[in-house]
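Below are the chains, spelled out letter by letter.
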Amino acid sequence: MRLNGRRESSNISDRRGSGRGPGLKIGGGITAVIIAAIIAWISGGNPLDVLTSNVGNIVGGTQESSATYTPTEEEEELARFSRQILAGTEDVWTKLFNEMGLEYEAPTLVLFNDAVQSGCGNATAAVGPFYCSADECLYIDLSFFRDMRKTLGADGDFAYAYVIAHEVGHHVQHLLGTLDEAHSAMNRTNSTEANNISVRIELQADFLAGVWAHHDNAMFNSIEPGDIEEALDASMKIGDDYLQKKAQGYAVPDSFTHGTSAQRSRWLRRGLSTGDIRQGDTFSIPYSSL
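Scope of this entry: the structure provided in the associated data block. This is a predicted model, so every value here is computed, not measured. (Residues numbered from 1 in each chain as written. Predicted model: local features only at pLDDT ≥ 70, side-chain atom pairs only at ≥ 80, totals over all residues. Heavy atoms only, no water.)

**Overview of unusual backbone geometry**
Move 1: Non-glycine residue Asp114 carries a positive phi angle of around 75°.
Move 2: If you check the backbone angles, Glu136 has positive phi at about 55° while not being a glycine.
Move 3: With respect to the element layout, Glu136 can be found in the loop between strand E5 (130-132) and strand E6 (137-140).
Move 4: With relative accessibility at 24%, the residue Glu136 sits in the partly exposed group. (Helix = DSSP H or I, 4+ residues; strand = E, 2+ residues; numbered from the N terminus. Buried < 20%, exposed > 50% of the residue type's maximum accessible area, 1.4 Å probe, protein only.)

**A closer look at the environment of Gly128**
Move 1: Among the structural elements, Gly128 can be located in the loop between strand E4 (121-124) and E5.
Move 2: On a C-alpha basis, the gap between Gly128 and Leu142 in space is 9.0 Å, while along the polypeptide they are 14 residues apart.

**Some details on the pattern of salt bridges**
Move 1: Scanning the entire structure with this criterion turns up 13 salt bridges.
Move 2: A salt bridge links Arg7 to Asp91, with the shortest nitrogen-to-oxygen separation between them at 2.9 Å. With a gap of 84 residues between them, Arg7 in the segment before strand E1 (12-14) and Asp91 in helix H4 (residues 73-99) connect regions that are remote in the sequence.
Move 3: Under the relative-accessibility criterion, Asp91 is labelled partly exposed at 23%.
Move 4: Put simply, Arg16 and Glu76 hold a salt bridge, and the shortest N to O gap is 2.8 Å. You can see Arg16 sitting in the loop between E1 and helix H1 (32-35) and its partner Glu76 sitting in helix H4, a full 60 residues away along the chain.
Move 5: On the accessibility criterion, Arg16 (13% relative accessible area) is buried.
Move 6: Classification of Glu76 as partly exposed rests on a relative accessible area of 36%.
Move 7: If you follow the salt bridges from partner to partner, you end up with Asp14, Arg16, Glu75 and Glu76 in one network. (Salt bridge = Lys/Arg side-chain N within 4 Å of Asp/Glu carboxyl O.)

**Some points on the packing of aromatic side chains**
Move 1: This model, assessed by the stated rule, comprises six aromatic pairs.
Move 2: In textbook terms, an aromatic cluster arises when at least three aromatic residues are bridged by ring pairs, as seen for Trp93, Phe97 and Tyr104.
Move 3: The lysine or arginine in question, Arg6, covers the ring of Phe220, its NZ or CZ lying 3.8 Å from the ring centre. (Phe/Tyr/Trp six-rings, centres within 6.5 Å; stacked < 30°, edge-to-face > 60°. Lys NZ or Arg CZ within 6 Å of the ring centre and 35° of its normal.)

**Section: the nonpolar core**
Move 1: The biggest cluster of nonpolar side chains holds 56 residues, and the ones touching the most others in it are Ile85, Trp93, Phe145, Met148, Phe158 and Trp212.
Move 2: Beyond its immediate sequence surroundings of up to four residues, Trp93 is in contact with Tyr104, Val168, Val172, Leu208, Val211, Trp212 and Ile277.
Move 3: With nine residues, the next largest nonpolar core counts Val116, Ala123, Phe130 and Cys132 among its residues. (Core = buried A, V, L, I, M, F, W, Y, C linked by side-chain atoms within 4.5 Å. Contact = heavy atoms within 4.5 Å.)

See below:
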């Protein structure tokens, strides 16, 4: 990506080295399926459910201090990159919301390492980046990008930008009322239908990430040759079917919570190509047409 001279967002809360705590209760995000999915799907469950039941054992029951924590040069570069991408999402979504007669309220990006306390509860880095609507914050342990590269072979700055833009997409859903409405519907139905609603949420967030990229490129000429391929490759490698087959050799469609590889890349591509938020209604069409 072309980011030279781009501004960095000030909507940052840097909590790296601030400590850790027990417990977990968070909403969906792009990476609950990346880091924890193999274990989750082997046991036939939702990765967030698995994380919820096991995170206390990962973290322990006491508050720990990491005052001596010193980020690496690579991590500092990723932090700067994340601030620039967040700034780009602010510029794009402020413009698009204004065009809809709305005001965009930017989220805060929380940088942490190991574990963090959010408005949705405490979480470890094992869940990957996530969005919490309760405090309107995005949370990310930057080591995730290293794990993303090593675990899935999904690499490149635009692939990393897609991760951040996807979580911002959840914030956009929250501001528009879509996210809360979908979560409410999930609480009123059976597990299979709740999973289907979760897939609709995640595919729309993929679409919104594509919408952001479309307009960011129009505003800043940010996309370089190969960038789109990086993001599409990442979207393919975080599909439910891809990860389940990688973990256990077969897929269980009723357990899908984020969408197949084909679905994720298709909705990301649609956002990239159209840049039109009106083209991203994943809730009205039949589930089989996603």
